[in-house]
Amino acid sequence: MDSSPAAADHREVCTISKYQEFDAQIFDVTKIMIGFSLTDAQKTELLKIAGEIEAACQDGSLSADERQRLLETMADCGLELPQTPMEPCVDEAKLQERLTQYMELDLFQMDIGALINDYKSQGLPMPTMEQLQAEVIAEARKCLETIMICEAKGHLWKETADPENGTSTLSCRRCGAEEHLRW
């Protein structure tokens, strides 16, 4: 193993996480502050970094906890972030795991069959099986992302009670998830 200073620097650079990268960028922007306040240029640069942080969180290279800590660091430096809450991150690994599970279910084949019937009933040219699968997977991905975001935010439940049978059905107005309760 090479123990030269250059090799050590290279190993160190290769192990820097996205979190550390953004933290260093925030430090570089804020290391010179006049009178404990940010200049307009610094605010602009920090807002740009905040957008990059959000993108990194969306693509899975930064966790929601890391994003929150970075945004809090910016706020501690005096940056007023927009009051609108940012969308929770979707864990790309969990999303991919759920998609893989979906593709192994009979439901996946049924959805492909339903799509084929849609094409036939509308008189449209039939795409290849690979295109049909890609279309079904893309739709399932959007639905799973919505459900995962809803799980992170909390569902907006609407209850439909059936007092005669002692049951209720809770359905989420945001993602369509359903829960059945017996009381």
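The coordinates are above.
Since the model is a prediction, treat every value here as computed from it, not as a measurement.

**Brief notes about the overall build of the protein chain**
Looking only at helices and strands, the protein chain features seven helices and three strands. Listed by position from the N terminus, the elements making up the protein chain come as α-α-α-α-α-α-α-β-β-β. Of all 183 residues assigned to the protein chain, the portion counted as buried reaches 27%. Intrachain contacts of the protein chain at a sequence separation of at least 6 include 45% that bridge at least 24 residues. With an accessible surface of roughly 12,500 Å², the protein chain has 54% of that area assigned to carbon and sulfur atoms.

**Let's talk about the packing of aromatic side chains**
All chains considered together, the criterion is met by one aromatic pair. With centroids separated by 5.4 Å and ring planes inclined at 75°, the aromatic side chains of Tyr102 and Phe108 adopt a geometry described as edge-to-face. Given the relative accessible area of 11%, Tyr102 is considered buried. Assessed through its relative accessible area of 4%, Phe108 is described here as buried. Sitting over the ring of Tyr19, Arg69 keeps its end group 4.7 Å from the ring centre.

**So, the pattern of salt bridges**
When their charged atoms lie close together, side chains carrying opposite charge are able to pair. Under the criterion given, the structure shown has eight salt bridges. Two residues, Lys48 and Glu45, come together in a salt bridge whose shortest N-O distance is 3.9 Å. Here the residue Lys48 and the residue Glu45 both occupy positions in helix α3 (residues 40–58), the gap between them amounting to three residues, near one helical turn. The partly exposed category is assigned to Glu45, whose relative accessible area is 31%.

**Some details on helix α2 (residues 18–30)**
Taking 1.5 Å of rise per residue, the 13 residues of α2 would be expected to cover 18 Å, and the 18 Å separating its terminal C-alpha atoms lies within 8% of that figure. Within α2, the full set of buried residues consists of Tyr19, Phe22, Ile26, Val29 and Thr30. All buried residues of α2 lie within an arc of 95° about the axis, which places them on one face of the element. Turning to α2, the residues buried within the fold contact α3 and α4 (64–76).

**Some thoughts on the nonpolar core**
Ranked by size, the top nonpolar core spans 16 residues in total, and within it Leu46, Ile49, Ile53 and Met74 carry the most contacts. Looking at this core, the elements with two or more residues in it are α2, α3 and α4. A total of five residues in this core trace back to one element, the largest contributor, which is α3. When neighbours within four sequence positions are excluded, Ile53 is seen to be in contact with Phe22, Ile26, Leu62, Arg67, Leu70 and Met74.

**Examining helix α6 (residues 106–121)**
In a regular helix each residue adds 1.5 Å, so 16 residues correspond to 22 Å; α6 covers 22 Å between its end C-alpha atoms and thus fits that length. Of the surrounding secondary structure, the elements contacted by the buried residues of α6 are α5 (92–103) and α7 (129–153). Downstream of α6 by one or two residues, Gly123 has phi in the positive range, about 70°.

**Side note on the side chain of Gln42**
Here Gln42 is to be found in helix α3. Classification of Gln42 by relative accessible area gives buried; the value is 9%. From its side chain, Gln42 meets the backbone nitrogen of Thr39 in a polar contact 2.8 Å long.

Basis of the calculations
- Residues numbered from 1 in each chain as written.
- Predicted model: local features only at pLDDT ≥ 70, side-chain atom pairs only at ≥ 80, totals over all residues.
- Heavy atoms only, no water.
- Helix = DSSP H or I, 4+ residues; strand = E, 2+ residues; numbered from the N terminus.
- Buried < 20%, exposed > 50% of the residue type's maximum accessible area, 1.4 Å probe, protein only.
- Contact = heavy atoms within 4.5 Å.
- Areas by Shrake-Rupley, 256 points an atom, 1.4 Å probe, with all protein chains shown as cover.
- Phe/Tyr/Trp six-rings, centres within 6.5 Å; stacked < 30°, edge-to-face > 60°.
- Lys NZ or Arg CZ within 6 Å of the ring centre and 35° of its normal.
- Salt bridge = Lys/Arg side-chain N within 4 Å of Asp/Glu carboxyl O.
- Expected span 1.5 Å × (residues − 1).
- Arc of directions from axis to C-beta.
- Core = buried A, V, L, I, M, F, W, Y, C linked by side-chain atoms within 4.5 Å.
- Polar contact = N/O pair within 3.5 Å; in protein donor to acceptor, adjacent residues only side chain to side chain.

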